[in-house]
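A closer look at the structure
Here is how the chains run, residue by residue.
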Amino acid sequence: MEYVSRVPRPPLDGLIDDLYYLEGARPYARLTLPASPAAFLIVNLGAPFRIRAGTDVETAEYADGCVVTTPTRAFEFGYPLRTRSVGVHFKPWGLSPFLPMPAAELCDRPTTIEQVWGRPATAELRDRLATAEGPHEMLTLLEEELTRRLGDAAGLGLVRHTSRIIAATSGAVAIDDLRVSAGVSSTHLAQRFKELIGVTPKRLARTYRFAATVLSINPAEPIDWADLAGGAGYFDQAHFGHEFRAFTGLTPTRYVEVRRRFLREHPGHVLDGWPLPTD
């Protein structure tokens, strides 16, 4: 599988972690994406893929691609035999200047790019990308499209500043301290976060804390779950286990089993550490 990634130029670099190109054979028919403190956009250039946004939601098919605000649950992706796409990994606040609606309206509700940018514009973008000469030209075209679409988002400075503090502390910060530091009410801060990120500051902090904890796990080594949970600031191991199931759909031990399986069956794969194979 080929994966090409790069950081965009200013001002997009303040909103986006990276632009990427992905093409090749899927490692598994279904992959689970754990909840993470980031939004993303995928422009699909191959056969349709499918997304199930939670066990209580029906699977939906996406032909043109999808837009996802910061998720609060694990998503299951069903890929064709071969996949081809370009995409954007946004910072939590980064998607909002490109949306015509509040991010909260899309929370845990993946939507098609057509529903966000319209059918004619989406079709034109996909045609230009499909006929581009290689991944680097494709990423340049995508960056130009994003630059052209960059709009204003009221309260972005407040949300960006506060989110960066949450990220820097891996979620270990009192939300009331953030409110006092920003000089706004808790209601105002929560409203701005939901409008621009889709979730409250407290929920974003939970996601950052969980992501940092999971990324610290080395599946190739023995794991002391009680020590890991305590070091991450969870009340106890039961609390940690509850968060684990909420964010990944798996128990901690099952998560490690799945990660070890991926490492064993696909050593050095470009998707290692991002998705999880689904039985």
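Residues numbered from 1 in each chain as written. Predicted model: local features only at pLDDT ≥ 70, side-chain atom pairs only at ≥ 80, totals over all residues. Heavy atoms only, no water.

Structural notes on the overall build of the protein chain
- On a plain count of helices and strands, the protein chain comes out with 10 helices and 10 strands.
- Over its C-alpha atoms the protein chain spans a radius of gyration of 19 Å, differing by no more than 12% from the 19 Å that the globule rule assigns to 279 residues.
- Taken along the three principal axes of its C-alpha coordinates, the protein chain extends 55 × 50 × 35 Å.
- Counting every position in the protein chain, which comprises 279 residues, the buried fraction comes to 50%. (Helix = DSSP H or I, 4+ residues; strand = E, 2+ residues; numbered from the N terminus. Rg over C-alpha atoms; globule rule 2.2 N^0.38 Å. Buried < 20%, exposed > 50% of the residue type's maximum accessible area, 1.4 Å probe, protein only.)

Topic: the packing of helix α4 (residues 156–168) against helix α7 (residues 201–215)
- Between α4 and α7, the least distance of the axes is 9 Å, while the angle of their chain directions is 30 degrees. In terms of orientation, α4 and α7 fall into the roughly parallel class. Read as a crossing pair, α4 and α7 show a hand that is right-handed. Only Pro201, Leu204, Ala205 and Tyr208 of α7 make contact with α4, whose side of the interface consists of Ser163, Ile166 and Ala167.
- Within the contact of α4 with α7, the residues separate by chemical class into 6 nonpolar, 1 polar and no charged. (Axes fitted to C-alpha atoms, helices over the stretch in contact; angles between N-to-C directions. Parallel < 35°, antiparallel > 145°, perpendicular 65-115°, else oblique. Left-handed = near helix turned anticlockwise from the far one by under 90°. Contact = heavy atoms within 4.5 Å. Nonpolar A, V, L, I, M, F, W, Y, C, P; charged D, E, K, R; others polar.)

A short note on the pattern of salt bridges
- All told, the structure shown has 16 salt bridges when counted by the stated rule.
- Measuring nitrogen to oxygen at the nearest pair gives 3.7 Å for the salt bridge that ties Arg50 to Glu61. Here Arg50 is found in strand β5 (residues 49–52), whereas its partner Glu61 is found in strand β6 (residues 60–62), with 11 residues between them in sequence.
- Measuring nitrogen to oxygen at the nearest pair gives 3.7 Å for the salt bridge that ties Glu265 to Arg261. With Glu265 and Arg261 both in helix α10 (residues 252–265), this residue pair falls 4 residues apart, about one helical turn.
- Overlapping salt bridges bring together Arg128, Glu145, Arg148 and Arg149 as one network. (Salt bridge = Lys/Arg side-chain N within 4 Å of Asp/Glu carboxyl O.)

Quick word on the packing of aromatic side chains
- Tallied over the entire structure, the rule returns 15 aromatic pairs.
- Geometrically, the ring pair formed by Tyr28 and Phe262 is tilted, given 5.9 Å between the ring centres and 45 degrees between the ring planes. With Tyr28 in the loop between β2 (16–25) and β3 (30–33) and Phe262 in helix α10, this residue pair connects regions lying 234 residues apart in the sequence.
- Take Tyr28: its relative accessible area is 10%, and that puts it in the buried class.
- Where Phe77 meets Tyr79, the ring centres are 5.9 Å apart and the plane angle is 15 degrees; that geometry is what we call stacked. The residues Phe77 and Tyr79 share a single accessibility class, namely buried.
- The structure contains a cluster of three or more aromatic residues connected by ring pairs, namely Phe210, Trp225, Tyr234, Phe240, Phe244, Phe247 and Tyr255. (Phe/Tyr/Trp six-rings, centres within 6.5 Å; stacked < 30°, edge-to-face > 60°.)

Let's talk about unusual backbone geometry
- The omega angle of the peptide bond from Pro10 to Pro11 is 5 degrees, so this bond is cis rather than trans.
- By the element assignment, Pro11 lies in the loop between β1 (2–6) and β2.
- With phi around 60 degrees, Asp108 is a residue other than glycine that occupies positive phi space.
- When you line up the elements, Asp108 lands in the loop between β9 (82–90) and α1 (113–117).
- Looking at Asp108, the relative accessible area reads 14%, which means it is buried.
- With a phi angle near 55 degrees, Ser170 is a residue other than glycine that sits in the positive phi range.
- Counting through the fold element by element, Ser170 comes out in the loop between α4 and α5 (175–182).
- Given a relative accessible area of 32%, Ser170 falls into the partly exposed group.

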